[in-house]
Amino acid sequence: EVKYVFREIYGWFLARSLTKGNNPEFHRFNGKIQILNVASAYFEIPITISGWGNAIKSERQSKKRIVAKSLTSGLTTTNKALFTTEVDFSKLDPRYPWYLQEKVDAKSDITIFVCGKTIFSFERDRSGLKGLDWRNQEDIFSLEQKWKPFSLTKKHTVAVSAFLRRIGVDWGRIDFLWTGSKLIFLEYNANGQFIFLDNKNEFGILDQASPS
């Protein structure tokens, strides 16, 4: 009921052109797998399997190194989150709906924040990570600048712009892995957090993202 009330409030502002960014319901109609399929026309993507039952059973003998990720990015009933975790195919319960990808050995994480026609790109080195997912070590209250500006090539910039046009957005965050020579697309988040990329307002994100 509370969520419905907020949808009504959002709808009131939307009808009066008083919103900025993407609809909070964007991912209800544009799931991760669909977006991944679109992205494959512009970037390299990891081998991906999503499903349960026979989709998992048929891969149980696979020797690929794989990671499990969350489709919803939501919390479980015990208030825990599934971060990117390397798993063993043979130990996966086929009754559970898994979202699996091949493990990519990467030098760093790249994240791109898109705000209108401006693209901000940042890099975070992976050498100091204790696990696979940087979010597991992120201190949202820290002012340490762990993400450094990253220069996209012209080819990458063109691909990002084309991808955004294809899915019809001009706001959000795109996550990649950087191998040192290739960008590997992971996902697009229509309303992803971004303040941590420029928490001291050194790079202009806050100025660009704030309503004028």
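For the structure itself, consult the block above.
Asker: Describe the pattern of salt bridges, with residues and values.
Answerer: This model, assessed by the stated rule, comprises nine salt bridges. We note a salt bridge from Glu86 to Lys103, for which the minimum N-O separation is 3.1 Å. Here Glu86 is found in strand β3 (residues 85–87), whereas its partner Lys103 is found in the loop between β4 (98–102) and β5 (108–115), with 17 residues between them in sequence. Sharing partners across several salt bridges, the network here consists of Arg65, Glu86 and Lys103.

Asker: Please set out the side chain of Ser70 residue by residue, giving values where relevant.
Answerer: For Ser70, the location among the structural elements is in the loop between β2 (66–69) and β3. For Ser70, the side chain forms a polar contact with the main-chain nitrogen of Thr72, separated by 3.3 Å. Look past the residues within four positions of Ser70 in its chain and what remains in contact with it is Lys32, Leu82 and Tyr99.

Asker: Summarise unusual backbone geometry; cite the residues concerned and give the values.
Answerer: Here the phi dihedral of Ser17 falls at roughly 55°; this positive angle occurs in a residue that is not glycine. When you line up the elements, Ser17 lands in the loop between α1 (2–15) and α2 (26–29). Since its relative accessible area comes to 67%, Ser17 is described here as exposed. If you check the backbone angles, Asn201 has positive phi at about 55° while not being a glycine.

Asker: How would you summarise the pairing of strand β8 (residues 171–178) if you had to cite specific residues and measurements?
Answerer: The buried fraction of β8 amounts to eight of the eight residues, a majority that puts the element mostly inside the structure. Neither face of β8 is open: one carries Trp171, Arg173, Asp175 and Leu177, the other Gly172, Ile174, Phe176 and Trp178, and all of them are buried. The pairing of β8 with strand β9 (residues 183–189) spans six bridges and is classified as antiparallel. Across the sheet, Asp175 pairs through a bridge with Glu187, a residue of β9. Connecting β8 to the next strand, β9, in antiparallel fashion are four residues, including Gly180 with a positive phi near 110°.

Asker: If you had to explain the packing of aromatic side chains to someone new, which residues and values would you point to?
Answerer: Counted according to the given criterion, the structure contains 17 aromatic pairs. Measuring from ring centre to ring centre gives 5.8 Å for Phe26 and Tyr188, while their planes differ by 75°; the resulting arrangement is edge-to-face. One end of the pair, Phe26, is in helix α2; the other, Tyr188, is in strand β9, with 162 residues separating them in the sequence. Judged by relative accessible area, Tyr188 falls into the buried class, the value being 3%. Ring plane angle 85° and centroid distance 5.2 Å describe the contact between Phe113 and Trp171, whose orientation is recorded as edge-to-face. Highlighted residues: Phe113 in strand β5 and Trp171 in strand β8, separated in sequence by 58 residues. Connected via pairs of aromatic rings, a cluster forms that spans Phe26, Tyr42, Phe43, Phe163, Phe176, Phe185 and Tyr188.

Asker: An account of a nonpolar patch on the surface is needed here, citing residue identities and associated values.
Answerer: Taken together, the side chains of Val2, Val5, Phe6, Ile9, Trp12, Phe13 and Leu18 define a hydrophobic patch exposed on the protein surface, amounting to about 710 Å² of accessible area. Judged by its relative accessible area of 53%, Leu18 falls in the exposed class.

Asker: Talk me through the sheet that holds β4; I want residue IDs and the actual numbers.
Answerer: Read across the sheet, four strands follow the order β1-β4-β2-β3 without closing on themselves; strand pairing throughout is antiparallel. Across the chains shown, the open sheet's two edge strands, defined by having one partner strand only, are β1 (48–51) and β3. Averaged over all pairs of adjacent strands, the angle between their axes in this sheet comes to 35°, without regard to strand direction. In the sheet, β1 pairs with β4 via four bridges, with the strands oriented antiparallel. Its bridge partner being in β4, Gly51 is matched across the sheet by Trp98. Packed on one face of the sheet, helix α3 (residues 32–39) meets β1 and β4 and runs near 25° to β4.

Asker: Any details on the nonpolar core? Residues and values, ideally.
Answerer: One finds Phe43, Ile112, Phe163, Ile174, Phe176, Phe185 and Tyr188 to be the most contacted residues of the largest nonpolar core, which totals 25 residues. Elements that contribute at least two residues to this core include exactly α3, β5, α5 (154–167), β8 and β9. A total of five residues in this core trace back to one element, the largest contributor, which is α5. Setting aside residues up to four positions removed in sequence, Phe43 forms contacts with Ala159, Val160, Phe163, Phe176 and Phe185. One finds Phe113, Trp134, Ile205 and Ala209 within the second-largest nonpolar core, a separate group that totals 13 residues.

Conventions adopted
- Every chain begins its residue count from 1, and numbering advances along the sequence as written.
- Note on the predicted model: pLDDT of at least 70 is required for a residue's local features to be given, and 80 or more for side-chain atom pairs to be given and counted; whole-chain, interface and lining totals, by contrast, use all residues.
- As a rule here, side-chain values come from all non-hydrogen atoms in the structure, and water together with hydrogens is ignored.
- In what follows, salt bridge is the name for a side-chain nitrogen of Lys or Arg lying within 4 Å of a carboxyl oxygen of Asp or Glu.
- Secondary structure elements follow DSSP: runs of H or I of four or more residues count as helices, runs of E of two or more count as strands, with numbering from the N terminus.
- Any N or O atom pair separated by 3.5 Å or less is treated as a polar contact, with the protein-specific requirement of one donor-capable and one acceptor-capable atom, and with residues adjacent in sequence counted only for side-chain atom pairs.
- Two residues qualify as a contact provided that any one of their heavy atoms is within 4.5 Å of a heavy atom in the partner residue.
- Note on classification: 1.4 Å probe, protein chains only; a residue is buried when its accessible area is under 20% of the maximum for its type, exposed when over 50%, partly exposed between these limits.
- Note on pairing: DSSP must find at least two bridges between two strands before they are called paired.
- Between the rings of Phe, Tyr and Trp (Trp by its six-membered ring), a pair exists once the centres lie within 6.5 Å; its type follows the angle of the planes, with under 30 degrees stacked, over 60 edge-to-face, and the other angles tilted.
- Patches in this entry comprise residues that are over 30% relatively accessible and not in a salt bridge; like charges within 9 Å are linked, as are nonpolar side chains (Val, Leu, Ile, Met, Phe, Trp, Tyr) within 5 Å.
- Only the protein chains shown count as covering a residue, and every accessible area follows the Shrake-Rupley method with a 1.4 Å probe.
- Axes here mean lines fitted to C-alpha atoms, for a helix over just the part in contact, with angles spanning 0 to 180 degrees between N-to-C directions.
- Each nonpolar core is a collection of buried residues, namely Ala, Val, Leu, Ile, Met, Phe, Trp, Tyr and Cys, held together in the definition by side-chain atoms within 4.5 Å.

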